[in-house]
Amino acid sequence: KQLPKKKFINGEVFKFLGKDLRLKINISNTKKIYIKNNYICLDLKNNSKNNKKKIKKELILFYRSLSERILKEKTLIKSKKMNLKVKEIRVRSYKNRWGSCSSNGDISYNWKLIMAPEKIIDYVIIHELCHLIHFNHSRDYWEEVSKKLPNYRESKEWLKSNQHLFEW
């Protein structure tokens with residue numbers, strides 16, 4: 001599946017936590033980006049309004065900062081419930097993965113994960129946290145994931161079927 005390339009224009013739809021938000025570009029004296037109602041509001045100086053590269057850069061920075069805050073918070077809450085210790089939580093750009101867990105306890109996520117519904121984000125977090133128990137994809141590992149998230153297969157399949165929604 002292939003969606004049309006993003007144009008980074010007024011009114012264009014961007015996903016955030018599974019919801020559709022419309023981009024609203026405003027002319028302002030200050031540069032600011034925020035979510036209000038069902039809009040991602042991007043305040044730019046007049047000379048940047050039609051600068052697609054600038055708009056894309058600002059959106060990526062915004063999404064990355066939201067990803068860092070939300071994914072760290074969710075991971076810490078879930079790791080505490082699972083009685084697991086995460087060393088460090090990072091957000092990165094990955095082409096073909098949603099997250100990774102290193103043998104020393106560092107977890108990294110793809111910043112684009114923040115576009116997915118919360119149920120899917122929770123699956124990826126649980127997936128990575130379970131690697132702190134079983135550092136592989138063995139039967140024991142998947143049983144651990146299943147204990148924490150009995151319907152994980154739905155989320156796993158959703159990610160495979162819908163990864164095209166995350167392309168910019």
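Everything that follows concerns the structure shown earlier in this document.
Residues numbered from 1 in each chain as written. Predicted model: local features only at pLDDT ≥ 70, side-chain atom pairs only at ≥ 80, totals over all residues. Heavy atoms only, no water.

Things to note about the pairing of strand β2 (residues 19-27)
The following threshold applies: One bridge is not enough; two strands pair if DSSP finds at least two bridges between them. A run of H or I in DSSP counts as a helix once it spans at least four residues, and a run of E counts as a strand once it spans at least two, with each numbered from the N terminus.
Of the pairings in the sheet, the one linking strand β1 (residues 13-16) to β2 comprises 4 bridges and is antiparallel in character. Bridge pairing in β2 links Phe14 to Leu21. Pairing of β2 with strand β4 (residues 39-44), which is carried by 6 bridges, proceeds in the parallel orientation. When the bridges of β4 are listed, Lys24 appears paired with Cys41.

Some thoughts on the packing of helix α1 (residues 52-81) against helix α2 (residues 118-130)
A packed helix pair is summarised by two numbers, namely the angle formed by the two axes and the spacing between the axes. Quick note on the threshold: Note on definitions: angles span 0 to 180 degrees between N-to-C directions of axes, and those axes are lines fitted to C-alpha atoms, for helices only across the stretch in contact. Each angle gets one of four labels, with under 35 degrees taken as roughly parallel, over 145 as roughly antiparallel, 65 to 115 as roughly perpendicular, and the rest as oblique. The handedness criterion is simple: a crossing whose near helix is rotated anticlockwise from the far helix by less than a right angle is left-handed, and one whose near helix is rotated clockwise is right-handed. The criterion used for residue contact is that any of the two residues' heavy atoms lie within 4.5 Å.
The interhelical angle for the contact between α1 and α2, taken along N-to-C directions, is 55 degrees, at an axis separation of 10 Å. The angle between α1 and α2 places the two elements in the oblique class. Note on packing geometry: the crossing formed by α1 with α2 is right-handed. Counting all contacts with α1, which are made through Leu71, Lys74, Thr75, Lys78 and Ser79, the residues of α2 involved are Glu118, Ile121, Asp122, Ile125, Ile126 and Leu129.

Regarding the sheet that holds β2
Within the open sheet, the 4 strands sit side by side as β1-β2-β4-β3. Their pairing is mixed. Each having just a single partner strand, β1 and β3 (32-36) make up the two edges of the open sheet. Across the sheet, the mean angle from the axis of one strand to that of its neighbour is 30 degrees, orientation sign disregarded. As defined by bridge partners, β3 adjoins β4 across 5 bridges and the pair is classed as antiparallel. What sits directly across from Lys32, in β4, is Asp43. In the packing of α1 onto the sheet, the strands contacted are β1, β2, β3 and β4, and the crossing angle to β4 comes to about 125 degrees.

A few points about the packing of α2 against helix α3 (residues 139-148)
Selection rule: For this classification, the nonpolar set comprises Ala, Val, Leu, Ile, Met, Phe, Trp, Tyr, Cys and Pro, the charged set comprises Asp, Glu, Lys and Arg, and every other residue, Gly included, is treated as polar.
Taken N-terminus to C-terminus, the directions of α2 and α3 make an angle of 135 degrees; their axes are 9 Å apart at the nearest point. When the interaxial angle is binned, α2 and α3 end up oblique. Pair α2 / α3 crosses with right-handed handedness. Taking contact as the criterion, the partners of Tyr123, Ile126, His127 and Cys130 in α2 are, on α3, Tyr141, Trp142, Glu144, Val145 and Lys148. Looking at side-chain class alone, the contact of α2 with α3 contains 6 nonpolar, 1 polar and 2 charged residues.

Points about the sheet that holds strand β7 (residues 106-110)
Whether parallel or antiparallel, the strands of a sheet pair through hydrogen bonds between backbone atoms. What the 3 strands build is an open sheet, ordered β5-β7-β6; its pairing is mixed. Each end of this open sheet is capped by a strand with a single partner; those strands are β5 (88-92) and β6 (99-101). Adjacent strand axes in the sheet meet at a mean angle of 15 degrees when their direction is disregarded. Summarising the sheet, β5 and β7 pair through 5 bridges and their orientation is parallel. When the sheet's bridge partners are listed, Val91 is paired in β7 with Tyr109. Each of β5 and β7 touches α1; the most contacted strand, β5, lies at about 150 degrees to it. α2 rests against β6 and β7 of the sheet, and its axis sits at about 155 degrees to β7.

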